[in-house]
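# Residue-level structural notes
Residues per chain, in single letters:
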Amino acid sequence: MTAISLFKAADELAPLLDQIDDDGCISPELETALAQFEGKGLSVTAYILNCEKTAQMIHDAAEAMDKRAVPLENRAKRLRQYLADQMKRTGTTELSCPEFSAKLYVERDAKVDVFDEKQIPLQYMRLPEPKPPVAAPDKKAIADAIKKGEDVPGARIVKSDRLVIA
């Protein structure tokens, strides 16, 4: 027996559904098609659950890895400062080996240190752009209004299918 898709199983089952007798008897072909569709449907369901669980495990692992990365990044930052301090203390400007090197550039970079923001003249202050209020439809209020029989232009209630896998 060759494996068929759920789509193919549904294609084979759909035309046979009208062949159920008034007394509830089903033909052997219909019984086979029903069993094949149910088996394939359950396989697809199991695969869906597997994909969802695998995705969740990946998300959980990524979150755990992110948590593990933070202390390592902090340690590297502290060690970088430690190395720079000790190189500066000893007057060493370069350490090297075949795989990597460390170079210390003393007082090379300049940055502004704002030690008292209140003393800075207004001309040197950056004012944040005001954000316009973002209006969003209140879907609960719209649903309540439509259910009461009110007409809400631009909105309607639509029914959709839901597949629940438990």
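For the structure, see preceding data.
Right, let's walk through the structure included here.

The rules behind the values
Residues numbered from 1 in each chain as written. Predicted model: local features only at pLDDT ≥ 70, side-chain atom pairs only at ≥ 80, totals over all residues. Heavy atoms only, no water. 1 Å grid on protein atoms, 1.4 Å probe; cavity = no way out; pocket = protein on both sides within 12 Å on 5 of 7 lines; lining within 4 Å. Points joined across faces, edges and corners; volume = space filled by probe spheres on them. Helix = DSSP H or I, 4+ residues; strand = E, 2+ residues; numbered from the N terminus. Nonpolar A, V, L, I, M, F, W, Y, C, P; charged D, E, K, R; others polar. Axes fitted to C-alpha atoms, helices over the stretch in contact; angles between N-to-C directions. Parallel < 35°, antiparallel > 145°, perpendicular 65-115°, else oblique. Left-handed = near helix turned anticlockwise from the far one by under 90°. Contact = heavy atoms within 4.5 Å.

### Considerations on the layout of surface pockets
In this model, the largest pocket occupies a volume close to 530 Å³. Lining the largest pocket we find 17 residues, and of these Gln-81, Ala-84, Leu-104, Tyr-105 and Asp-109 sit closest to its centre. Elements with a contribution of two residues or more to the lining of the largest pocket: helix H2 (28-90) and strand E2 (101-103). In terms of residue class, the lining of the largest pocket is built from eight nonpolar, one polar and eight charged.

### Some thoughts on the packing of helix H1 (residues 6-13) against H2
Between H1 and H2, whose axes approach to 9 Å, the crossing angle comes to 155°. Relative to H2, the element H1 lies roughly antiparallel. When you trace H1 past H2, the crossing you get is left-handed. Where H1 approaches H2, its residues Leu-6, Ala-9, Ala-10, Glu-12 and Leu-13 are matched on the opposing element by Leu-30, Ala-33, Leu-34, Gln-36, Phe-37, Lys-40, Gly-41 and Val-44. Here the contact of H1 with H2 is built from residues that sort into nine nonpolar, two polar and two charged.

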